[in-house]
Amino acid sequence: MWVPTKNKKYGVAVYNWEGDTRYALPLEIGDTVQILEECEGWFRGFCIKNRSLKGIFPVSYVCIKSCRVENEGANEVVTPLEDPVVNEVTLVLREWGHIWKKLYLERESYKFSTLRKVMWELLEWRRQLITATLTQDQVRALQLKITSKVDWGNRKLGLDLVPRVGAFMVDPTAMSLVELHQVHVQSSESSQGASARGTVRRPREGPGAAKRVLTHHLYFCMRDFRLNVGEDIEIFFSLYDTKRAAYISERFLVKISKEGFSSYVERLHSNCTIFTDLGSSDLNRDIVVVAHVMRVGRMLLSDSAKHKLPQLYRRPYGVAVLSISEFLHKEREQSTPQDLEQEFSFKVYQCEEKDFHTLHEFIIKKQSNKFSPVSGQANCGIDVSLKLLHGELPQVREENALLLKNMAVTRKLGFADVIMPGDVRNDLYLILERGEFERGGKSTGKNIEVTVLIVDNTGKLLDDTLYGASGMDGSSYYQSMVIYHHNSPWWAETIRLAVPIDRFYGAHVRLEFRHCSTRDKTDKKLFGFSFFRLMVDGGATIHDGIHELFIYKCEDKGRLDPAVYLNLPVGVWDPTPGVQDIASPFGRSQKEVVCVRTLLCSTKLTQNDDLLALLQWKAHPNNIKEALDGVLKLNGEELVKFLQDVLDALFSMFSTEDGSSTAHSCLVFHVLVSIFSLLEDTKFEHFKPVMDAYITGHFAAALVYKGLLSHVQQSSDLATTTEMQEPIQKIFRSLEYIFKFIIQSRLLFARATGCQYEENFKKDLLSVFAAINKMLNQPGEVILPTQISLLTSISPVYEQLQQVLPTIECTQLATAMLASLPRDLPPQLGQAKLTAIRHLVTSKLFHDSESRSLLLSATCTHLRPFLAQRNELKLCSDILADITSFLFKQRESQIAAGKTNNILHHDMEIICISLLDMLLQTVLIILDRTATVVGYLVACLVGILQLMETSHYRLIWTELSSRESAKPLKDFLLRLFLVFRDLVKQDVFPQDWFVMKAETNLVMLEALKEFSFPLTTRFLADRQTFDHQLWSNYFNLAVSFLTQPALQLEQFSEVKRNKVMVRYSDLRVIMGFQILEMWSTLGEHKIAFIPSMVGPFMEVTLVPEPELRKATLRIFFDMMECEQRVRGNFKQVESELIDKLDILISENKGDDEYRQLFNTILLDRVQSEDPAWRESGAAFISSVTRLLERLLDYRSVIQGDENRDKRMSCTYNLLNFYKNEIDRKEMYIRYIHKLHDLHLAAENYTEAGFTMKLYADQLTWGMNPLPASPHFPAQPEWQRKEMMYRKIVHYFDKGKCWEQGIPLCKELAELYEYRLFDYSKLSHILNTQAKFFDNILMQLRPEPEYFRVGFYGLSFPLFVRNKVFVYRGLEYERIGAFTQRLQTEFPSAQILMKNTPPEDNIVNSDGQYIQICNVKTISENNSVFAQGMFPVPEKIASFYQVNMIKKFQSDRPVHKGPIHKDNEFKSLWIERTTMETCNALPGILRWFEVTKRKVEEIPPVRFACETMENVNAELRQLIYYHTNEPGLNINPLSMRLQGIIDANVMGGIAKYQEAFFTTDFIASHPEFTEYIYKLRALIFDQVHDLEAGLIVHGQLAPPEVQPLHRRLMERLSQMKAGLRHLAPHLDIMQSSDSFHRKMGSIVHMPLPPVPVDKNNPTYEGVNGICSRSSNSSGNYGHLAMDSEDIYSKPGEKENGDGSAPPVPARGDVRPKSAGYNTIAEMARNPMGSPRNEYTSLPSVRPTHSREGSIDADHPPVMRKSKPRAMSPHTNGTDSASASQRNSWPDGEAAPPLPPRGCTPDKRSAAEQTPPAPPKRLVANSKNSLDAGGDNISNGSGENQSIGSAEWGPVIDAADPPVLSPRSQQPPAPPPIPPKASTPSAPPPPATPGELAAANDNYSVPPRLRSSTLDSTTSP
């Protein structure tokens, strides 16, 4: 039995489990699962990554982990009890994982790789935390690093900011909204400073920066020394300030043995140190590391190294300089404790020894002429690593214990920027500067070495007190380096003297000078000494600075007795009385001196005599005033070092033992104030604890409070009368410590006397504060700074007074002080006042309940003016933030303790009544500003609302309603509504502050619930009290709240959505039900919100939350019912709903689920309640549902170029809906413009013109004014229509649809001529019209292809799903390119390869299937030609053959009955589909849906007739071309004749004979008798056509083609002989004559269109140009015999004989061919290569898919030459050659040559002309004339002569017609040419009447008329 788990709630999969059982949940290692139930070894639950999938899994496959369960039950939340940072990283990686995959799909390679790297780092750091192998410090540092990396990643990815304190996320429920805002601000700053490495950029120095980072330390480690000297090396490192040209640190020594750096290990960390106490100002300086390299060994390197040296010398070798200022700046800006060290290398340089002390300056200044690299060693240098550490040294040592263990500390030369109270330092630095020595009679200088010693008065040496550098042990003496042969040496060596304090007095430093001879190898010779005392006689230490010391001569060290030389003067500055040089035991030269510099860094010793005089005031009472004056001039360092002693001395001098003042009290008071002021300096602010410790532990002056109070009161009184305000200001700034001493003194006195004189003390206190208040009330510019000083420092005084006064009295003093200030304050004083208030509300006074109420009332009173004037809003916000934070914490603590505190409730009442309304007004005014304080102030407002309870709201309602009218309450509510609306709609908080927004929304939701009370009780009772404005604002606010982006859970990631649901649930549902409840209470007032609230409520219902939708959709029924009841209809609801629906859906709101819910819920409601308006309501709902369907379809394709055609379809559906279903003209026009813009973008100019014409048709030529629109200005109606007409005409011109533009031109011409009388525009439009006429006749217009497209499958959008369309192809677009375009538009669709109707499993499948095939146009009778007197010229009629078409046709071959293997024609039927679209093409779209469909079956014999007609028409077309233009290439005619004749010889017509002319077939199919006779007649016609063709062929064939001609004549004779048995009862020729008399003559009839080549969709020409026949058969491309594959190769569906379809041909004689281009082109191409197929001819139209044949900028030039009549006596050579030059297009593939010798034309490609335009002949055209002759033969064979004058215009009107493959009914075959041996004389000219009677005949050239036929063909 399955039992809910109690403790086992969370686990991690430790094995993979495939889940091969029922209801299983597959698991992978690492999956986290939440367990719901358990049962006998099985768990049931779900994976955290997919909560929707629940299942069972074995217990043994998961590891249970401890967790915390919240909200137990159905919505319980399980959180593992792990490190919070680990949990956060887990959730972050899940969220980032989805984004990472999305970046991959979007090909964002850089972001993808960066995010992957960061995720790997987080995974590794998470693993380190989980292993629990790190120390606490390492864990803390790693957590900070992880969270910094997470914050950086979230910011880069645009995710939400995580509010955190340190490394941990905060709990928003545990703090007030104001605190949460402050945490957000801090987290945002940290996030902005985070880098990709996980480090945090430190903020720049500011007022508060010093409090965060006061001291810095530089970790230094020498890694390598790449220099081989051959002797031991000492390297002294120090920090040097290049600007001040001074060292800022002592030296650090690294010793290196002569064997090298790696072999020298004296002790651990001997090569590392830490330079301490670097201040922020030091980091901003130009700091360098200077390394002085000294060798220890021989005097000269050139000396022999064989002998052991008795003496070692420290000799200068080189200097290296490394600039680290950039490193320090960078590390200061961006650094964390765990940063890695950075390594640097720098070279060593050398110079002359005398300049060694300034070599570093030469290097820094780059004076390269004074130094050079070390010779012989190119890579010599020093490698070091640096790392900057931050904080106090003890803290740094603790954080880096391993790194700094046993490490030498190199101190700063001077104190740090901040002196800590516990710092103890007692260092005196001695810098050996230089010396001046006499030569002493020698020609060379001395090698002088200085030995430094410290001895006492007795001559005893002080051991281990000298440190030449850090990193070396203390020694008793220090030996300087030796400058070779130089009497004025510069050493510049720093030595630290560490002398104990008790031995400092009486000790002195002795410098002994020795000459180091290079000749004498004995000891170094002493020749002189100098000395100086460490302390002067008064007890002060030697002053800092340079000291010139006398050099006393002495060569015997034994004579150096301190008792003797200490009586001598040290130098010229020494006041010690000297002795005569004669009496002195040591001589000296006036020229010899040595210069040293001292620097004292001690917290115990002083160099100041005034300080010593103060401390020893009792010994010298007469010098007290001078000592006090001197102390006032002291710097702070000296004072804080002796703070306790100084204060004791001062208070001793301040008053006598009985508390009376002394003569020096006033001066002492000023010294005390100066010391107190000193503690406000950031450098000494850390001494405040020392001062406090002194007050509580050491201060003992119990009577000084009287004097201190007196001096404060006197200062307050004096401030109003004196001009000297600075001392008084200093006193007021020090009031905190003054009163600390006053109160401590009073407490000591009370403790000693038993609280005597208590009343006097209080009286004195009140007098002091009265004087202060009086001073504050005084106006004036002089006293203003003093008042400011007082206000900024007095607040702590009231807090301290609690020790001697009751808290409430202290609070009363504070409020009285605030009240004493004038009402109108200067800005500075107002700021100081607010600062004092803030200090008060953060003091301990505010913790007392009674005092808090008093302070709150005073604070609210004083804040109101500032809020009203919007001054100092930042300070006001700080005060409110402190108040709300405190009250929130108090409330939470009471809730936790289970107590109720009415005082807190009362405090909130004070705020609500006194401040809330003004705060609302201020927020409302500043919300639309960009001030940084806006968010802070809003947080304060929301924080106050967070603390308010229902009783507080009721109090406000009562307070505001108790006044004279309801206006105050209404104004208050309106302000609240407006503020909330702005909070929802404006970005008050940054976009990524989601937690802050969510908490604000939670508070606002609770407040909105409270707002319903006054609305329903005060503003709804009756019509007098009902307030529409309030209710409307409430509803709009509620809708805005519900629809704000921060609440749309569907747009969040799964991780974020789960978090939100756990913490806040779905606030939209709660708000939605609140709206529904408030709507229900309106009652009869609902009508007031119709239609204004239709749109907002529509927004609510569109929110994708099912429960919310189901609840709120019912509001529309209420609206419809309400309006129907009041107004008798619901037109306003209908209109508004449709308008808003269109807008909202376009804003990506709503979905198909909404459409279904809208339809079902409202229809169910209408049907269930059965109102009187049921039918109209149901119709309206259905109409809106259809509109929703179309709008959703439109929205789904609104983006992406690949969806452009889909957008057009959806736009078309919408504009039709708005016009036809609901008649919304404005919406209709809106979508017309949208469709127009889409067409323009796609360059569909014709369609754009038709689209705009829809709008133009809505307009008249009237004078009605039309308002401005986004597309047109305000103008009269006729003007807009004119503007649109001109635009449409322009579009039709660009789209080459001139026929549609001409009527518009005529209409405009009428407007200009008869109404506007604007002849200028008339002229222009008539010119345009004339140009259109010319273009129709002269311009090339490629005929479009049409395609039937079926979309099958349920995955298609609704607007195409399981529908069939006819598409109009693009210019030159064939089925291959069209298919590819559709596949781009529908990439998931599969192309169906068969043209059979799709089965149900395809139609109802979830996939997408597209079926594509060609269709033929079926032109209908055109009204344009109805009244024509003559047949329409082909140029004019051809347009209507393929344009303005609604009917289309496609054929599909099917077999019925048994298929005869030798003759398939017996069973070959044709399934012919005729389709009709909803609109003609072209139109406002390039495609339209098929609305009607008719299918009929064509029997085999009928199809055979059609095939024969097509073949005959092709042949006649060729005969016509070659008759009229004898110069054309004869190859096409040769191939066509050979193909037909040879195919028939091989059994082509025989197959028809076998299939249809048998007795059995005729008997079994009597219904086909008509077609049998027709077929027989067509066969006979073909014979006569062949004879006519052979006549022309024989006349035109060159000699090399004559053998072929003779062969064809023979084959024709054989074919005729084989046809005799088709009609044994009739003579062939008689039958033929009768037929021809009925049908007309071949030379007198217009030729039929070229037959369709159904098997050859493509052709590979000579130039490799692939062309497709424009006559591909119907829907399915060609007539397949064995398969319906529409992409079958040419010839695969035939019998393999290559014959003309479907006549069988010899498949084994010639290879198959892919077809040709147009006949006209083939006839004109003399360069055609031999073809492999002779039985099929392509369409008349030119090939459109050639590459490079059509230039977009230069369209093909039409052949414009007129046909010329040929003289019977000329051979037409010139004419033929001219025709050849002008009739074949450039670059076009030529047709193949005949199989036997035929020499092609040799003309070059350069002479070829562009392809001729396609030419068509309307079926009923009967007036086309032959241009090559002057005779017309009538039906009886008689010839009539016509004059050229009458026919000239007709002949010039157009070129000889090229027949269209889309002619509906081909004309009857023409008769055989008459048999005549000689041409007859030209007949007389014809009359116009004769011309009209013979207008359907072609004239026969004389050459043709004179030809003789074979006797077998004679009639």
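## Looking at the overall build of the protein chain
Of the regular secondary structure elements, the protein chain holds 61 helices and 44 strands. In the protein chain, which comprises 1915 residues, the share counted as buried stands at 56%. For the protein chain, restricting intrachain contacts to residue pairs at least 6 apart in sequence, the fraction spanning at least 24 positions comes to 73%. Total accessible area computed for the protein chain in this model is approximately 82,700 Å², and 51% of it derives from carbon and sulfur atoms.

## Notes on the nonpolar core
Counting 315 residues, the largest nonpolar core has Leu801, Phe980, Phe1011, Phe1035, Phe1116 and Tyr1218 as the members making the most contacts within it. Among the elements that line this core, the one with the most residues is helix α28 (residues 933-947), at 12 residues. Those residues in contact with Tyr1218 that lie beyond four places of it in its chain are Ile1138, Asp1142, Leu1187, Leu1191, Asp1223, Arg1224, Met1227, Tyr1228 and Tyr1231. Ranked by size, the runner-up nonpolar core spans 61 residues in total, among them Met481, Trp491, Leu497 and Val509.

## Quick look at the environment of Asp160
Residue position: Asp160 is located in the loop between α3 (136-156) and β9 (164-165). The exposure class of Asp160 is partly exposed, given its relative accessible area of 21%. When the C-alpha positions of Asp160 and Asp992 are compared, they lie 4.3 Å apart, and in sequence the two are 832 residues distant. When sequence neighbours within four positions are dropped, the list of residues in contact with Asp160 reads Asn154, Gln991, Asp992, Phe994 and Lys1056. Looking at Asp160, its side chain comes within polar contact range of the side chain of Lys1056, at 2.6 Å.

## Comments concerning the pairing of strand β29 (residues 525-533)
Here β29 lies mainly inside the structure; seven of its nine residues are buried. The sheet contact formed by strand β28 (residues 508-515) and β29 spans eight bridges and is antiparallel. Within the sheet, the bridge partner assigned to Arg514 lies in β29 and is Leu526. The pairing of β29 with strand β30 (residues 545-553) spans two bridges and is antiparallel. Across the sheet, the residue bridging to Phe529 is Tyr552, located in β30.

## Digging into the packing of aromatic side chains
For any two aromatic rings, the description comes down to two numbers: the centre-to-centre distance and the angle of the planes. Under the defined criterion, the tally for this structure stands at 77 aromatic pairs. Ring plane angle 75° and centroid distance 5.7 Å describe the contact between Phe437 and Phe527, whose orientation is recorded as edge-to-face. Remark: Phe527 occurs in strand β29 and Phe437 occurs in the loop between β23 (426-436) and β24 (448-455); sequence separation between them is 90 residues. Note on accessibility: Phe437 and Phe527 belong to one class, buried. Aromatic side chains Tyr705 and Phe761 sit 5.6 Å apart centroid to centroid with 85° between the ring planes, which places their arrangement in the edge-to-face category. With Tyr705 in helix α17 (residues 704-719) and Phe761 in helix α20 (residues 758-776), this residue pair connects regions lying 56 residues apart in the sequence. One exposure class covers both Tyr705 and Phe761, and it is buried.

## What about the environment of Gln1411?
Relative to the assigned elements, Gln1411 resides in strand β37 (residues 1409-1418). By relative accessible area, Gln1411 is classed as buried at 1%. Gln1411 sits 18 residues away from Met1393 along the chain, and the two C-alpha atoms are 7.4 Å apart. The contacts of Gln1411, once residues within four sequence positions are left out, are Arg1348, Val1349, Gly1350, Tyr1352, Leu1392, Lys1394, Asn1395, Thr1396 and Pro1398. One polar contact links the side chain of Gln1411 to the main-chain carbonyl oxygen of Lys1394, over a distance of 2.9 Å.

## What to know about the confidence of the model for the protein chain
Looking at the protein chain as a whole, its pLDDT mean stands at 79, while 81% of the residues score no less than 70. Low pLDDT (under 50) marks residues 263-267, which in the prediction has seven contacts with non-local residues, meaning those over four places away or in another chain. Within the model, pLDDT remains below 50 along residues 1625-1915, and this stretch shows 733 contacts once partners closer than five positions in the same chain are excluded.

## Structural notes on the environment of Arg22
Looking at the secondary structure, you find Arg22 in the loop between β2 (10-13) and β3 (32-39). Look at Arg22 and you get exposed, because its relative accessible area is 62%. In this structure the side chain of Arg22 is engaged in a polar contact, spanning 2.9 Å, whose partner is the side chain of Tyr23.

## Some remarks on the packing of helix α44 (residues 1277-1294) against helix α46 (residues 1319-1338)
Packed helices, taken two at a time, are described by the angle between their axes plus the distance between the axes. In contact at an axis separation of 12 Å, α44 and α46 are set at 25° when each is read in the N-to-C sense. Taken as axis vectors, α44 and α46 run roughly parallel relative to one another. Read as a crossing pair, α44 and α46 show a hand that is left-handed. Between α44, through Glu1282, Arg1286, Val1289 and Asp1293, and α46, the contact on the second element is made entirely by Lys1321, His1324, Thr1328, Lys1331, Phe1332 and Asn1335. The residue makeup of the contact of α44 with α46, split by class, is two nonpolar, three polar and five charged.

## Structural notes on the pairing of strand β15 (residues 272-278)
The element β15 is extensively covered by neighbouring structure, given that seven of its seven residues are classed as buried. The pairing of strand β11 (residues 216-226) with β15 spans five bridges and is antiparallel. Bridging from a neighbouring strand, Cys221 pairs with Cys272 of β15. Of the pairings in the sheet, the one linking β15 to strand β22 (residues 408-410) comprises three bridges and is parallel in character. Following the sheet pairing, Ile274 is matched in β22 by Val409.

## So, helix α35 (residues 1094-1102)
By the criterion of burial, α35 is predominantly enclosed, with eight of the nine residues buried. Taken residue by residue, α35 has Val1094, Gly1095, Pro1096, Phe1097, Met1098, Val1100, Thr1101 and Leu1102 as its buried positions. Elements that come into contact with the buried residues of α35 comprise α32 (1028-1043), α34 (1067-1082), α36 (1106-1112), α37 (1114-1127), α38 (1131-1146) and α39 (1152-1169).

## A look at the sheet that holds strand β18 (residues 342-346)
Ordered by their spatial adjacency, five strands build an open sheet running β18-β21-β11-β15-β22, and the pairing between neighbours is mixed. Strands at the two margins of the open sheet, each flanked by one partner only, are β18 and β22. Adjacent strand axes in the sheet meet at a mean angle of 30° when their direction is disregarded.

## Some remarks on the pattern of salt bridges
Between side chains of opposite charge, a pair can form when the charged atoms approach closely. With the rule as written, the count across this model stands at 83 salt bridges. Where Arg1374 meets Glu1345, a salt bridge forms, and the shortest distance between an N and an O atom there is 3.7 Å. Here Arg1374 is found in the loop between β35 (1363-1368) and α47 (1375-1385), whereas its partner Glu1345 is found in the loop between α46 and β34 (1346-1352), with 29 residues between them in sequence. Note on accessibility: Arg1374 and Glu1345 belong to one class, buried. Linked through salt bridges whose partners overlap, the residues forming this network are Asp241, Arg244, Asp282, Arg285 and Lys412.

Procedures and definitions
Counting of residues starts from 1 at the beginning of each chain's written sequence and follows it residue by residue. Restriction of local features to residues with pLDDT of at least 70 applies here, the model being predicted, together with a cutoff of 80 or more for giving and counting side-chain atom pairs; totals for whole chains, interfaces and linings are based on all residues. As a rule here, side-chain values cover all heavy atoms of the structure and leave hydrogens and water aside. Strands here are runs of E lasting at least two residues and helices are runs of H or I lasting at least four, both read from the DSSP assignment and numbered beginning at the N terminus. Accessible area is worked out with a 1.4 Å probe on protein chains only. A residue is then buried under 20% of its type maximum, exposed over 50%, and partly exposed in between. Contacts are assigned to residue pairs with any non-hydrogen atoms lying within 4.5 Å of each other. Note on areas: Shrake-Rupley with a 1.4 Å probe; residue coverage comes only from the protein chains shown. Take the buried Ala, Val, Leu, Ile, Met, Phe, Trp, Tyr and Cys residues and link them wherever side-chain atoms come within 4.5 Å; each set so joined is a nonpolar core. Under the rule applied, a polar contact is a pair of N or O atoms within 3.5 Å (in protein, one hydrogen donor and one hydrogen acceptor; residues adjacent in sequence only if both atoms are side-chain atoms). When DSSP finds two or more bridges between two strands, those strands count as paired. Stacked, tilted and edge-to-face are the three classes assigned to paired rings of Phe, Tyr and Trp, where Trp is represented by its six-membered ring and a pair needs centres within 6.5 Å; plane angles under 30 degrees give stacked, over 60 edge-to-face, the rest tilted. Note on scores: pLDDT gives the predictor's confidence for each residue, bounded by 0 and 100. Lines fitted to C-alpha atoms define the axes, with helix axes restricted to the stretch in contact, and inter-axis angles between N-to-C directions lie between 0 and 180 degrees. By the definition adopted for this analysis, an angle is roughly parallel if under 35 degrees, roughly antiparallel if over 145, roughly perpendicular if from 65 to 115, and oblique otherwise. Two helices crossing with the near one rotated counterclockwise from the far one by less than a right angle form a left-handed crossing, whereas a clockwise rotation gives a right-handed crossing. Asp, Glu, Lys and Arg are counted as charged, while Ala, Val, Leu, Ile, Met, Phe, Trp, Tyr, Cys and Pro are counted as nonpolar; the rest, among them Gly, fall into the polar class. Salt bridge, as applied in this entry: a Lys or Arg side-chain nitrogen positioned within 4 Å of an Asp or Glu carboxyl oxygen.

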